[in-house]
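Summary of the model geometry
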Amino acid sequence: MKKDNVIASLKIFVLIAFAFLFLFPTVWMFVSSTKTVAEISKEIGTVKSFVPNFNHINSWLEPYKEIFKRFNFSLHFFNSVFYSFVIVAGSLFVNSLAGYALATFDIPFKKYFTGALLILIIFPFQSVLIQIFIIIKQINLTNTVWGLALPHIGSAFNIYLFMVFFKKIPRELRESAYIDGASDWKIFTKIAIPNSKPIFLTIGILVFVGSWNDYVWPLMIFTETSKYPLSVAVNIMNETKPVYLNQVMAGLTITTIPILLVYIFGQKYIMSQNTSSGIK
């Protein structure tokens, strides 16, 4: 019994150590965003750099006010929210339809389509970045929202996840709906989607995080700085003289907060591959 307690205590200690290892840069970033540049330089490398200065609590928001004045951060924040919404909505719509079709319909060469999905999952988006940019440029979609969104909407990985999930919905439900005269679209919207909320939420969260953090593709596709999302705008801060470290940390904090909120409130929906349809 003592051995089990020791092992359990060791596991907890290791987990706490790893949690601290991953959290302390985030804590330092947030605390630094509330201080002056002089305070950051003076306290760097000490424990004080992780503790907010409660004597100057009224000045905590000053770096945030400055970046909204200097860099029009509200515009870039709106851009990120809008781009993420378009990509998430388009991704859920397109990938769910494709996954549903592969899971339920008797499509010719379906097994080859499934195999192609598995092959495409292996190749990262960055490996075809130049080719996609050339196509987007040829169809005159550079510097547009659709030029940003279209390459991210279709995803072999997300189609595969939808397909696997939809296969777990009992065929009897669809057959009984067919007997009642329901169309394929009605079955999809009234039966498949209501019984597939976990996979929709999971993929929605993953797509949102990916689109919110995307840096390279927006930088390539947009030629006007006013259309940049937050991920690119923060980099502009590092190139605009004078550079103030507390303002950079404030910009990074604003960029990070939505991701943290999504993970905090949506972590229970981020499923493993062993998902179930929830139908008894």
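Described below are features of the structure shown in this document. (Residues numbered from 1 in each chain as written. Predicted model: local features only at pLDDT ≥ 70, side-chain atom pairs only at ≥ 80, totals over all residues. Heavy atoms only, no water.)

1. A closer look at the packing of helix 4 (residues 73–104) against helix 11 (residues 197–213)
Geometrically, a packed helix pair is captured by the angle between its two axes and the distance between the axes. Interhelical geometry of helix 4 versus helix 11 gives an angle of 140 degrees and a closest axis separation of 9 Å. As summarised for this structure, helix 4 and helix 11 are arranged oblique, according to the angle between their axes. Viewed along their axes, helix 4 and helix 11 form a crossing whose handedness is right-handed. Where helix 4 approaches helix 11, its residues Phe77, Ser80, Val81, Ser84, Ile87, Val88, Ser91, Leu92 and Ser96 are matched on the opposing element by Phe200, Ile203, Gly204, Val207, Phe208, Ser211 and Trp212. For the contact of helix 4 with helix 11, the per-class residue count stands at 10 nonpolar, six polar and no charged. (Axes fitted to C-alpha atoms, helices over the stretch in contact; angles between N-to-C directions. Helix = DSSP H or I, 4+ residues; strand = E, 2+ residues; numbered from the N terminus. Parallel < 35°, antiparallel > 145°, perpendicular 65-115°, else oblique. Left-handed = near helix turned anticlockwise from the far one by under 90°. Contact = heavy atoms within 4.5 Å. Nonpolar A, V, L, I, M, F, W, Y, C, P; charged D, E, K, R; others polar.)

2. As for the nonpolar core
Soluble globular proteins tend to bury their nonpolar side chains together. Judged by nonpolar contacts, the single largest core of 46 residues is most densely connected at Ile67, Phe73, Phe162, Phe166, Ile199 and Ile203. Contributions of two or more residues to this core are made by helix 3 (62–71), helix 4, helix 7 (145–153), helix 8 (156–166), helix 10 (184–192), helix 11, helix 13 (230–239) and helix 14 (245–266). Aside from chain neighbours lying at most four places away, what touches Ile203 is Leu92, Asn158, Leu161 and Phe162. Formed by 11 residues, the second largest nonpolar core is a distinct cluster that contains Leu141, Trp217, Ile221 and Val232. (Core = buried A, V, L, I, M, F, W, Y, C linked by side-chain atoms within 4.5 Å. Buried < 20%, exposed > 50% of the residue type's maximum accessible area, 1.4 Å probe, protein only.)

3. Notes on helix 13
Taken together, the buried positions of helix 13 are occupied by Leu230, Ser231, Val232, Ala233, Val234 and Met237. If you follow the buried residues of helix 13, they end up packed against helix 3, helix 4, helix 11, helix 12 (216–221) and helix 14.

4. Observations concerning the layout of surface pockets
A volume near 790 Å³ is recorded for the largest pocket. Contributing to the lining of the largest pocket are 25 residues, with Phe125, Pro151, His152, Gly154 and Ser155 lying nearest its centre. Of all the secondary structure elements, the ones that give two or more residues to the lining of the largest pocket are helix 5 (110–122), helix 6 (129–138), helix 7, helix 8, helix 11 and helix 12. For the lining of the largest pocket, the class distribution of residues is 17 nonpolar, seven polar and one charged. Of the voids in this model, the second largest pocket is the one considered here, and its volume is about 220 Å³. Every residue lining the second largest pocket is listed: Val81, Ser84, Phe85, Val88, Ala89, Phe200, Leu201, Gly204, Ile205, Phe208, Trp212 and Val262. For the lining of the second largest pocket, the secondary-structure elements that each account for two or more residues are helix 4 and helix 11. The element contributing the most residues to the lining of the second largest pocket is helix 11, with six residues. (1 Å grid on protein atoms, 1.4 Å probe; cavity = no way out; pocket = protein on both sides within 12 Å on 5 of 7 lines; lining within 4 Å. Points joined across faces, edges and corners; volume = space filled by probe spheres on them.)

Read these as layout, nothing more, since geometry by itself doesn't imply function.
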